[in-house]
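Architecture and fold: a report
This is what each chain is made of:
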Number of protein chains: 2
Amino acid sequence: MPIKPHVTAAQVCGFLESRIKSGEWGAEAKLPSERAISDQLQTSRVTVREALKRLEANGQIYRSNRRGWFVAPPRIDYDPSRSAHFTQYALEQGYSPYTECLMQRLIQADDDLAGKMAVAEGTQLLELHRCRGINGRLVYLEEIFLRADLWPDLIEQPPDQSLSTMLRNHYGQLFKQVDVDISIASLSAAQAEILQAPAGCSCFYISRRTLNQEGLVIEYDREYWRHDALNIKVTHQFAE
Amino acid sequence: MPIKPHVTAAQVCGFLESRIKSGEWGAEAKLPSERAISDQLQTSRVTVREALKRLEANGQIYRSNRRGWFVAPPRIDYDPSRSAHFTQYALEQGYSPYTECLMQRLIQADDDLAGKMAVAEGTQLLELHRCRGINGRLVYLEEIFLRADLWPDLIEQPPDQSLSTMLRNHYGQLFKQVDVDISIASLSAAQAEILQAPAGCSCFYISRRTLNQEGLVIEYDREYWRHDALNIKVTHQFAE
DNA sequence: GAGTGGTCTAGACCACTTC
DNA sequence: AAGTGGTCTAGACCACTCC
């Protein structure tokens, strides 16, 4: 006798996608609960979760820890090779940017940092941690390292001000070159908690080294982005 | 009476990671079967799979469809803003590159392609599909679009030759600018099958528009990379 | 043919959010 | 207090790979 075939995760994906694409569930809309979806589609919660994770993987939806699943808003365009600040990008694209400084302190460069910043091990560095969001949603964490000898009184400055503007205007530094690295990583437990993301959540990892006219590394920066929040755009002009 | 606490996915992650980091399981090594791991650690297969997926998310391991889980080899460094060909990159970094042409045909530009290539809708384009691997492992799929009017006899050329070299040497084209877009996407069912990846597998999506001296889009390219195979490096020089 | 990963079922408990 | 997502158990069948 014929057995009712299982509802597959792919079918659940289709069901959810059609509602997202039709606009029935707009940006930032909360999806129904996992149990509600599995009841409606006559399937198990495991299958629903599998479908949700696939839509999460390509950035159509995201989750906020234990609060539920939400439709992902449009991604922000971002060119990490430019020194323009995040706030400017976000405003240009019609978003409301938000920055919070989580921590700032003086540290001694360890082996790894010394290599990245081309300084001797033990050199004094200023370390800043910030988180940033758009439209009320946290989208990335940032770890910034600056040579303390180049910015002697920076630690006194208000941390919310744009760093790149400050470096240029206040210290008269000119940027000569930026080296950018982009790869996939996963959030540490502490990072995931700040971004309200699940444990082990995959993220974009972007690191940037900014060099000045003399070839000194004036800024070293590590960013951890929600992967659904970001569209990286880089334009490269070839020399004549 | 005390109940034995559950083995958590995080503990399984730790168990697996320590064996990878210690070198007990080297690059490309096959992990034990999911059932063997769950038996050894006295846990369920679901928990083991959860752990494996977390290590997959940050690129430490990867799976080849239905064949098993493997330790991910070192990532290849890649600068999409340069026109150097993949083969050269791979050889410089000590890998054995591999390219296969999957398809080539003439098409009419649809609305989307016409916009991307700045040509009229219906313009004749040459479409090439290739897959590429290093050390015997497929790492990305590529869809290339070229204006048929600029390369009248290209369809007759051997497809394995480096395209960028050919464009420069044979046609004397000079590259002026490259616009690169990078984001996260997921593989279609057809793409996943070619890369031997699971359904809905997340990937790096890289699209590139290459412009010549006259500002014409001479190449438009879409790449779908296994996310664990890639480390993107871009260097940007600021104008004086 | 044996074993594997891919998928699905039908529960369960906990920590946390929301009301 | 009710409901949610996060996690875990203990099975099952299938399609596929490998031998």
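Residues numbered from 1 in each chain as written. Chains lettered and ligands numbered in written order. Predicted model: local features only at pLDDT ≥ 70, side-chain atom pairs only at ≥ 80, totals over all residues. Heavy atoms only, no water.

Considerations on the overall build of chain A
For clarity, the threshold we go by: For helices the rule is a DSSP run of H or I covering at least 4 residues; for strands it is a run of E covering at least 2, with both sets numbered from the N terminus onward. Exposure classes here rest on a 1.4 Å probe applied to the protein chains alone. A residue is buried below 20% of its type maximum, exposed above 50%, and partly exposed in between. Contacts are assigned to residue pairs with any non-hydrogen atoms lying within 4.5 Å of each other. Areas reported here follow the Shrake-Rupley algorithm with a probe of radius 1.4 Å; residue values treat only the protein chains shown as occluding.
Within chain A one finds 7 helices and 10 strands. For the C-alpha atoms alone, the extent of chain A along its principal axes is close to 80 × 40 × 35 Å. Per-residue burial over chain A gives 53% buried out of 240 residues. Considering only residue pairs separated by 6 or more positions, chain A has 59% of its internal contacts joining residues 24 or more positions apart. Carbon together with sulfur atoms contributes 50% to the accessible area of chain A, which is approximately 11,300 Å² in total.

Regarding the nonpolar core
The following threshold applies: We define the nonpolar core as a collection of buried residues of types Ala, Val, Leu, Ile, Met, Phe, Trp, Tyr and Cys that are connected through side-chain atoms lying within 4.5 Å of one another.
Ranked by size, the top nonpolar core spans 60 residues in total, and within it A:Phe204, A:Trp225, B:Ile182 and B:Trp225 carry the most contacts. Ignoring any residue separated from it by four or fewer positions in sequence, one finds A:Phe204 in contact with A:Ile182, A:Ser183, A:Glu223, A:Tyr224, A:Trp225, A:His227, A:Leu230, A:Ile232, B:Ile182, B:Ser183, B:Ile184 and B:Phe204.

Considering the pattern of salt bridges
Keep this limit in mind: Salt bridge, as used here, is a side-chain nitrogen of Lys or Arg placed within 4 Å of a carboxyl oxygen of Asp or Glu.
Under the criterion given, the structure shown has 38 salt bridges over all chains. Notably, a salt bridge pairs B:Glu50 with B:Arg54, separated by 3.0 Å at the nearest N-O pair. Of this pair, B:Glu50 and B:Arg54 both sit in helix H3 (residues 45–57), 4 residues apart, which is roughly one turn of that helix. Residue classification places B:Glu50 among the partly exposed residues on the basis of a relative accessible area of 26%. Ionic pairing is found between B:Glu143 and B:Arg222, a salt bridge with its closest N-O pair at 3.7 Å. Taken together, the residues span a long stretch of sequence, with B:Glu143 in strand E6 (residues 137–147) and B:Arg222 in strand E9 (residues 217–226) at a distance of 79 residues. An identical accessibility class is assigned to B:Glu143 and B:Arg222; each is buried. Residues joined by salt bridges that share partners form a network here, namely A:Asp112, A:Lys116, A:Glu143 and A:Arg222.

Comments concerning the protein's contact with DNA strand D
What counts is decided by this rule: The rule for a residue being near a molecule or strand is that one of its heavy atoms must lie within 4 Å of it. Any pair of N or O atoms that falls within 3.5 Å is considered a polar contact. Within protein, one atom must be able to donate a hydrogen and the other to accept it, and sequence-neighbouring residues count only if both atoms are side-chain atoms. Each residue is assigned to one class: nonpolar for Ala, Val, Leu, Ile, Met, Phe, Trp, Tyr, Cys and Pro, charged for Asp, Glu, Lys and Arg, and polar for all the others, Gly among them.
What surrounds DNA strand D is a group of 22 residues, the closest being A:Arg45, A:Arg66, B:Thr8, B:Ser44 and B:Thr47. Put simply, 67% of the atoms of DNA strand D that lie within 4 Å of the protein are in sugar or phosphate. B:Arg45 places a side-chain nitrogen or oxygen 3.4 Å from a base nitrogen of DNA strand D. Only helix H2 (34–40) and helix H3 (45–57) of chain A together with H3 of chain B provide two or more residues apiece to the surface near DNA strand D. Considering every element that reaches the surface near DNA strand D, the biggest residue donor is H3(B), with 4 residues. Tallied by class, residues from the surface near DNA strand D come to 3 nonpolar, 8 polar and 11 charged.

Structural notes on the packing of aromatic side chains
Given two aromatic rings, their pairing is described by the distance between the two centres and the angle made by the two planes. Note the following rule: Two rings from Phe, Tyr or Trp (for Trp, the six-membered ring) form a pair when their centres sit within 6.5 Å of each other. Planes less than 30 degrees apart are called stacked, planes more than 60 degrees apart edge-to-face, and all others tilted. As a reminder, the over-ring test applies to NZ of lysine and CZ of arginine, requiring each to be within 6 Å of the ring centre and within 35 degrees of the ring normal.
According to the stated counting rule, one finds 19 aromatic pairs over all chains in the structure shown. When the centroid spacing of 6.5 Å and the interplanar angle of 45° are considered together, the rings of A:Phe175 and B:Phe238 count as tilted. Taken together, the positions of A:Phe175 in strand E7 (residues 175–186) and B:Phe238 in the segment after strand E10 (230–237) put the pair across two chains. Overall, A:Phe175 belongs to the buried group, its relative accessible area being 9%. Site record: aromatic cluster; members linked through ring pairs are A:Tyr78, A:Phe86, A:Tyr89, A:Tyr140 and A:Trp225. The ring of B:Tyr62 is capped by B:Arg137, whose NZ or CZ atom sits 3.9 Å from the centre of that ring.

Some words on the sheet that holds strand E10 (residues 230–237) of chain A
So the rule is basically this: Strands are treated as partners if at least two bridges between them are detected by DSSP. For every element, the axis is a line fit to its C-alpha atoms; helices are fit only across the contacting stretch, and the angle between N-to-C directions ranges from 0 to 180 degrees.
Spatially, E3(A)-E10(A)-E7(B)-E8(B)-E9(B)-E6(B)-E5(B)-E4(B) is the arrangement adopted by the 8 strands of the open sheet, whose pairing is mixed. Both edges of this open sheet fall to strand E3 (76–78) of chain A together with strand E4 (97–108) of chain B, since each of them pairs with a single strand only. Taking the axes of each pair of neighbouring strands and ignoring which way they run, one obtains an average angle of 20° across the sheet. With 11 bridges connecting them, E4(B) and strand E5 (residues 124–134) of chain B associate as antiparallel partners. Bridging from a neighbouring strand, B:Ile107 pairs with B:Leu125 of E5(B).

Points about the domain arrangement of chain A
Residue and element names in this part refer to chain A. Threshold: Where each domain starts and ends follows an automatic or database-derived domain assignment. The term buried area refers to how much accessible surface (probe radius 1.4 Å) is lost by two components on association, counted for both of them together.
Considered domain by domain, chain A is made up of domain 1 (9–71) and domain 2 (76–232). If you average the C-alpha positions of domain 1 and of domain 2, the two centres end up 33 Å apart. Each partner contributes to the interface: domain 1 provides 8 residues, whereas domain 2 provides 7 residues. Across the domain 1 to domain 2 interface the summed buried area is about 720 Å²; carbon plus sulfur atoms make up 49%. In terms of surface lost to domain 2, no three residues of domain 1 exceed Tyr62, Arg63 and Asn65, which account for 55% of the buried area on that side. Run the count over domain 1 and domain 2 and you get 0 salt bridges. At the boundary of domain 1 with domain 2, the tally comes to 4 residue pairs in polar contact (both at pLDDT 80 or more). Elements represented by at least two residues in the side of domain 1 that touches domain 2 include exactly H3 and strand E1 (61–64). Broken down by element, the residue count for the side of domain 1 that touches domain 2 peaks at 3 residues, all from E1. Of the residues contributing to the side of domain 1 that touches domain 2, the split by class is 2 nonpolar, 3 polar and 3 charged.

Looking at H3(A)
So the rule is basically this: In this analysis, the expected span of each helix is defined as 1.5 Å times one less than the number of residues it contains.
If you check H3(A), its first and last C-alpha atoms are 18 Å apart, about what 13 residues at 1.5 Å a residue would give, namely 18 Å. Within H3(A) the residues assigned to the buried category are A:Thr47, A:Val48, A:Ala51, A:Leu52, A:Leu55, A:Glu56 and A:Ala57. Among the structural elements, helix H1 (9–21), H2, E1 and strand E2 (68–71) of chain A together with strand E7 (175–186) and strand E8 (202–212) of chain B are those in contact with the buried residues of H3(A). A:Gly59 occupies a position one or two residues after H3(A) and carries a positive phi of about 80°.

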